[in-house]
Amino acid sequence: MAERASLKRQNTLVNRVPAFLALFLATACVGEDPKDQTVTIKTVTAPIVWQTPIFDQNVSRFGLSTDAPQMLLVSFEQSGLKLFDIDGAEVTPKFGSFFPTGLSGGVISKFDNTSLRLFFGSEDKADRISIFAYGNGLEAPTRLQLEPEISGGIAGVCSAPSDTDGSIAKLGYWTKLDNATLVLGEVRTSTDNKLTFIETERLHHDKYITSCALDGDTAVTGGGFGLQFKTKDSEAQSFDIPGVPVEMSYLESDDLNLVAMTFSGGSVYVASDNGKMGGVSFKAGISSQVPDEVSSVSLSSVGSVGGLPTGFLAAQSKTPTGTQIIYTDLQSLKDQLAED
C-alpha cells in the first residue's frame, strides 16, 4: 500500500477521551440494580498500524467477515454495498443497491458446494432480517431474507459463527416495538432450502437496547441500562458505563474477553467482562490521521493485518479528508486494559 506522510491532528474528538473520563470518574455512581458493578476506567493508546485507502464516498457502516481471507462489506451512503479485501482493494466491481440501517459481521457457509459469505443486517421498514451475500461469480453483493417475518420492525442485529452442527450462524436481534428484549437463536437451512431463524432464548432488560454483540456462548448488550454480559447458564453481569454504546463488537479469548464500543459523538471504548474499561486514544500513523469520529468497530483474532499476528481492532475513521478503515493492535489493547 502506498504510504504518504500526514501530520497528527490535535484536539480531535477521540483524543478528548481522557478529559471525558476524568469528568465521568468525578460524577459516576453505582446503578440501582444490585447486580450492577462499577468499572475501572483508564485511557489506552492505540497506534494506527495499517489502514485502507480513503474511500471516494461517505461510509455509513461496515461489516468484517470472520473467516480468512477476511473481507470488508462497506455500506456507502450514496451507492450501497461493496466488498473489499482487508487492505481496501475492491473484490466486487459493482455495488449492491442496498442501504442497511445495521450491519453485523460475516460468516462463510456452503450451499450446493458453493461457498458464500453472509453478512446479517437490518433495513428500514423491513419485516425480515436481511442477509447480504457474496460468492464467486457475483459482481456485487446480493440480498437474501431470513424467514420468518418479524413483527415490530427490526431495530438491530448481531451475529457470530456457530459451532453447533447444522447451524450456519448465531444471531441476535431486537425490534422497535420491543426494544428492551434481545432475541437469540440460530440460522439454519429449512427442508425447502430456505434460510430460517430458530429462536433459542430471550434476554430481557430494564431499559432500551442500542447495540449487541455475540461470540462463543456469550451475548453482550449495550443501551440505557449500561453494559451487560450474559453467558449461557450463568447470571448476567451488568456494568455502569459513561454513555450509551451505539455500535459494538465482542471477542472471547483465553486471556481476556473484550468488547469494543462506539458512543454517540464518535468516541471508542474497550471493556472486559471483569469490569475494566478504557477510552481509546488513537495515535496517527504515516498514512493515517487520528479520527475525528468513529462510527463502527470490529474485533478480530485473525492475524491478517500488517504485522499483527494475534488480531486487531478495525475502526471506521472519519477525518476531514474522508473515511477509511484503520487497524490497531488487539494484544496491546488487552495488555493495557489488564494492567493494574
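None of the values given here were measured: they were computed from a predicted structure.

Chemist: Give me the overall build of the protein chain: which residues, what numbers.
Modeler: Along its length, the protein chain carries two helices and 24 strands. Sorting the 340 residues of the protein chain into buried and exposed places 54% on the buried side. A separation threshold of at least 6 residues defines the contact pool for the protein chain, and within that pool the share at least 24 residues apart is 50%. Carbon and sulfur atoms make up 48% of the accessible area of the protein chain, which totals about 14,800 Å².

Chemist: Can you tell me about the packing of aromatic side chains, naming the residues and giving the values?
Modeler: Inspection of every chain in the model, using the stated rule, returns 10 aromatic pairs. With 5.5 Å between their ring centres and 70 degrees between their planes, Y173 and F197 make a pair best called edge-to-face. Separated by 24 residues along the polypeptide, Y173 in strand β11 (residues 169–175) and F197 in strand β13 (residues 195–204) bring together distant segments of the chain. Note on Y173: relative accessible area 7%, which makes it buried. A residue is classified by how much of its surface remains accessible, and F197, at 9% relative accessible area, is buried. Clustering of aromatic rings is evident, with ring pairs tying together F55, F76, F84 and F95.

Chemist: With reference to specific residues and values, describe helix α2 (residues 330–338).
Modeler: Looking only at α2, the buried set comprises L330, L333, K334, Q336 and L337. Looking straight down α2, one finds that the buried residues subtend no more than 165 degrees of arc, so they occupy a single side. For α2, the N-terminal cap is D329; the gap from its side-chain oxygen to the backbone nitrogen of Q331 is 3.1 Å.

Chemist: Kindly report on the environment of V107, identifying the contributing residues and their values.
Modeler: As for its position among the elements, V107 is in strand β6 (residues 102–111). By relative accessible area, V107 is classed as buried at 4%. Along the backbone, V107 and A68 are 39 residues apart, and their C-alpha atoms lie at a distance of 10.0 Å.

Chemist: Outline the pattern of salt bridges, listing residues and values.
Modeler: Within the structure shown, the criterion is met by 12 salt bridges. Salt-bridge contacts for K230 lead to E201; the nearest nitrogen and oxygen are separated by 3.9 Å. With K230 in strand β16 (residues 226–231) and E201 in strand β13, the pair connects residues that are 29 residues apart, well separated along the chain. By relative accessible area, which is 16% here, K230 ends up buried. Judged by relative accessible area, E201 falls into the partly exposed class, the value being 31%. With a shortest N-O distance of 3.1 Å, K334 and D255 are connected by a salt bridge.

Chemist: So what's going on with the nonpolar core? Which residues, and what values?
Modeler: With 21 residues, the main nonpolar core has L258, V270, V280, F282, V297 and L299 as its most contacted residues. The next biggest cluster of nonpolar side chains, apart from the first, holds 19 residues, and it includes L116, I150, V183 and F197.

Chemist: Describe the sheet that holds β6, naming the residues involved and giving the relevant values.
Modeler: Read from one edge to the other, the open sheet built from four strands follows the order β6-β7-β8-β9, with strand pairing classed as antiparallel. Two strands in the sheet have a free side with no partner beyond their single neighbour: β6 and β9 (142–145). Adjacent strand axes in the sheet meet at a mean angle of 30 degrees, parallel and antiparallel pairs treated alike. When strand β7 (residues 114–122) meets strand β8 (residues 130–134), the two strands line up antiparallel, connected through five bridges. Note that in β8 the partner of L118 across the bridge is A133.

Chemist: Now, about the layout of surface pockets: what can you tell me, with residues and values included?
Modeler: Empty space within the largest pocket amounts to approximately 670 Å³. Taken together, the elements giving at least two residues each to the lining of the largest pocket come down to β3 (59–64), β6, β10 (154–161), β14 (209–215), β18 (245–251) and β22 (293–300). Ranked by the residues each element gives to the lining of the largest pocket, the list is headed by β10, at seven residues. Among the residues making up the lining of the largest pocket, the classes are represented as 20 nonpolar, 18 polar and three charged.

Chemist: Tell me about unusual backbone geometry, and please be specific about residues and values.
Modeler: Of the consecutive residues A68 and P69, the connecting peptide bond is found in the cis state with omega at -5 degrees. One non-glycine residue with positive phi stands out, namely N193, at about 65 degrees. Relative to the helices and strands, N193 is located in the loop between β12 (181–189) and β13. N193 gets classed as exposed once you look at its relative accessible area, which sits at 65%.

Chemist: Describe the side chain of R117, naming the residues involved and giving the relevant values.
Modeler: Checked against the element boundaries, R117 lands in strand β7. Lacking a salt bridge, the buried R117 has D67 as its closest oppositely charged neighbour, with an N-O distance of 5.9 Å. From its side chain, R117 meets the backbone oxygen of D67 in a polar contact 3.5 Å long. Not counting the four nearest positions on each side in its chain, R117 is found in contact with S65, D67, A68, P69, M71, V107, I108, F132, A133 and Y134.

The rules behind each value
- Residues numbered from 1 in each chain as written.
- Predicted model: local features only at pLDDT ≥ 70, side-chain atom pairs only at ≥ 80, totals over all residues.
- Heavy atoms only, no water.
- Helix = DSSP H or I, 4+ residues; strand = E, 2+ residues; numbered from the N terminus.
- Buried < 20%, exposed > 50% of the residue type's maximum accessible area, 1.4 Å probe, protein only.
- Contact = heavy atoms within 4.5 Å.
- Areas by Shrake-Rupley, 256 points an atom, 1.4 Å probe, with all protein chains shown as cover.
- Phe/Tyr/Trp six-rings, centres within 6.5 Å; stacked < 30°, edge-to-face > 60°.
- Arc of directions from axis to C-beta.
- Polar contact = N/O pair within 3.5 Å; in protein donor to acceptor, adjacent residues only side chain to side chain.
- Salt bridge = Lys/Arg side-chain N within 4 Å of Asp/Glu carboxyl O.
- Core = buried A, V, L, I, M, F, W, Y, C linked by side-chain atoms within 4.5 Å.
- Pairing = 2+ DSSP bridges.
- Axes fitted to C-alpha atoms, helices over the stretch in contact; angles between N-to-C directions.
- 1 Å grid on protein atoms, 1.4 Å probe; cavity = no way out; pocket = protein on both sides within 12 Å on 5 of 7 lines; lining within 4 Å.
- Points joined across faces, edges and corners; volume = space filled by probe spheres on them.
- Nonpolar A, V, L, I, M, F, W, Y, C, P; charged D, E, K, R; others polar.
- Lys, Arg positive; Asp, Glu negative; His and termini not counted.

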